[in-house]
Amino acid sequence: MFNDILERLFLGSDIDTTSREDVKGRLKLVLAHDRSNLSPEMLEAMRRDILEVVSRYVELDSEGLQVALESDQRATALIANLPIRRIKAQPQP
Amino acid sequence: MGRIIVVTSGKGGVGKTTCSANLGMALARADHSVALIDADFGLRNLDLLLGLENRVVYTALEVLAGQCRLEQALVKDKRLKDLVLLPAAQNRNKDAVTPEQMKQLAYALTKKYDYVLIDCPAGIEMGFQNAIAAADEAIVVTTPEISAVRDADRVIGLLEASRIPSKLIVNRIRPSMVQANDMMSVNDVQEILAIPLLGIVPDDEQVIVATNRGEPLVLSEEVTLGGTALRNIAQRLEGKDVEFLDLNAAYDTLFSRIKKLFRSK
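The model shown is predicted, which means the values in this text are computed figures rather than measured ones. (Residues numbered from 1 in each chain as written. Chains lettered and ligands numbered in written order. Predicted model: local features only at pLDDT ≥ 70, side-chain atom pairs only at ≥ 80, totals over all residues. Heavy atoms only, no water.)

K.L.:
Can you walk me through the overall build of chain B in this structure?
P.N.:
Helix and strand counts for chain B come out as twelve helices and eight strands. Over its C-alpha atoms chain B spans a radius of gyration of 19 Å, differing by no more than 12% from the 18 Å that the globule rule assigns to 265 residues. Seen through its C-alpha atoms, chain B measures out along the principal axes to roughly 70 × 40 × 30 Å. Relative to its 265 residues, chain B shows a buried fraction of 54%. Across chain B, every contact between residues at least 6 apart in sequence was considered, and the portion connecting residues at least 24 apart equals 75%. Summed over its atoms, the accessible surface of chain B is roughly 12200 Å², and 47% of this surface lies on carbon and sulfur atoms. With 31 positive and 34 negative side-chain charges, chain B shows a spacing of 1 Å between the two charge centroids. (Helix = DSSP H or I, 4+ residues; strand = E, 2+ residues; numbered from the N terminus. Rg over C-alpha atoms; globule rule 2.2 N^0.38 Å. Buried < 20%, exposed > 50% of the residue type's maximum accessible area, 1.4 Å probe, protein only. Contact = heavy atoms within 4.5 Å. Areas by Shrake-Rupley, 256 points an atom, 1.4 Å probe, with all protein chains shown as cover. Lys, Arg positive; Asp, Glu negative; His and termini not counted. Charge placed at Lys NZ, Arg CZ, Asp CG, Glu CD.)

Here is the structure:
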């Protein structure tokens, strides 16, 4: 709290991210892709397939869909955030 | 049997050869026998950094071709009697040797030397495969830049696949830029690469002076911050517990002092 105020006082109220945060964000993203060895096309195909399967059972909120690779401690994970609008009464073939 | 350690990075120009030369010298100063192998065939530089370029007669290639004995190719350092260099051939390319041949050379050296340090070429092709073939452990050198860290990550993955444990050196840290949030910190880099930290080396102009003279930093009488950092790394290699340098101390500003004051409450 005090630190935030101090930082604003002394360093100016910088709402923009620092280049250090930028580079960390870019690196994490690029490394997740490097480590998984998945091409963007394959990732996109996988995303489509996952959505297709899930959509048979539930209705998804297309606005909030997120499928991305994340990397932590040298392990890569596929993180999917699929907000459900409603459950379908009968699974559709 | 000596330890075989490869110094590698993926990207070129991040300080592999400087680290190899200095760690070799620092270990030899601490009374260990050290053999440095230049695995950068076609683009050799380790002889220059050590100031031994005028004394190279034979190279690893002549040894492998049976044109001379291994001992004849080893260039003995005059400053430190426990240090030798096995030079790479300059007139050939990286395909001139095979991983098997590199193993043969490195294993022969472990019989006589406590440490066999292999200076790996940049890249992840044949030269890299040759350099890591014999290694028991690896030192990955990187700088706090996006391209160097990405390449280091790739190399760490390849080392893992070959079951070679690796440790990290973050080179050319500029504390003032880190404090201004314009450079990744050592912690940032280490968190991303997720391998144990072996050392931190601050950006030090004296490295260029040392290279000009062919006298690695760790040898000089008045040791600079960079030289101390490299000596510390050598001690950690020996298994000693040495604290990491606090690089921020020199950049104690009014702002950071007031900030600390509030943090302590």
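K.L.:
I keep staring at the nonpolar core and nothing clicks. Help me out?
P.N.:
Residue and element names in this part refer to chain B. Leu 86, Leu 109 and Ile 118 are the most contacted members of the largest nonpolar core, which has 58 residues in total. Per element, the largest residue contribution to this core is five residues, and it comes from helix H7 (residues 146-161). With residues near it in sequence (within four places) discarded, Leu 109 still touches Ala 35, Ile 37, Leu 70, Leu 74, Leu 86 and Val 116. Formed by 38 residues, the second largest nonpolar core is a distinct cluster that contains Leu 27, Val 141, Leu 198 and Ile 233. (Core = buried A, V, L, I, M, F, W, Y, C linked by side-chain atoms within 4.5 Å.)

K.L.:
Looking at this structure, how should I read the packing of H7 of chain B against helix H9 (residues 186-193) of chain B?
P.N.:
Each pair of packed helices gets described by two things: the angle between the helix axes and the distance between those axes. All names here are of chain B. Taken N-terminus to C-terminus, the directions of H7 and H9 make an angle of 35°; their axes are 10 Å apart at the nearest point. As for the relative orientation of H7 and H9, their crossing is right-handed in sense. In this structure, H7 contributes Val 149, Ala 152, Asp 153 and Ile 156 to the contact, and H9 contributes Val 189, Ile 192 and Leu 193. (Axes fitted to C-alpha atoms, helices over the stretch in contact; angles between N-to-C directions. Left-handed = near helix turned anticlockwise from the far one by under 90°.)

K.L.:
How should I be thinking about the side chain of Thr 17 of chain B in this particular structure?
P.N.:
Residues and elements named next belong to chain B. One can find Thr 17 in helix H1 (residues 16-29). Here Asp 119 takes part through its side chain, which lies 2.9 Å from a polar atom of the side chain of Thr 17. Filtering out sequence-adjacent residues up to four positions away, Thr 17 remains in contact with Asn 45, Leu 46, Leu 49 and Asp 119. (Polar contact = N/O pair within 3.5 Å; in protein donor to acceptor, adjacent residues only side chain to side chain.)

K.L.:
I tried to follow a positive patch on the surface on my own but got confused; where do I start?
P.N.:
All names here are of chain B. A contiguous patch of positive charge on the surface is contributed by Arg 55, Lys 76, Lys 78 and Lys 112. Looking at where Arg 55 falls in the secondary structure, it is placed in the loop between helix H2 (46-49) and helix H3 (60-64). Accessibility expressed as a relative area gives 32% for Arg 55, which makes it partly exposed. (Patch = residues over 30% accessible without salt bridge, like charges linked within 9 Å, V, L, I, M, F, W, Y side chains within 5 Å. Salt bridge = Lys/Arg side-chain N within 4 Å of Asp/Glu carboxyl O.)

K.L.:
Where do I start with the sheet that holds strand S4 (residues 83-86) of chain B in this structure?
P.N.:
Hydrogen bonding along the main chain pairs the strands of a sheet, whether they run parallel or antiparallel. Residues and elements named next belong to chain B. One open sheet accounts for eight strands, arranged S3-S4-S2-S5-S1-S6-S7-S8; its pairing is mixed. Sheet topology places strand S3 (75-76) and strand S8 (197-202) at the edges, where each strand pairs with a single neighbour. Pairing between strand S6 (residues 137-142) and strand S7 (residues 166-173): five bridges, direction parallel. In the sheet register, Thr 142 faces S7, and the bridge partner there is Val 170. (Pairing = 2+ DSSP bridges.)

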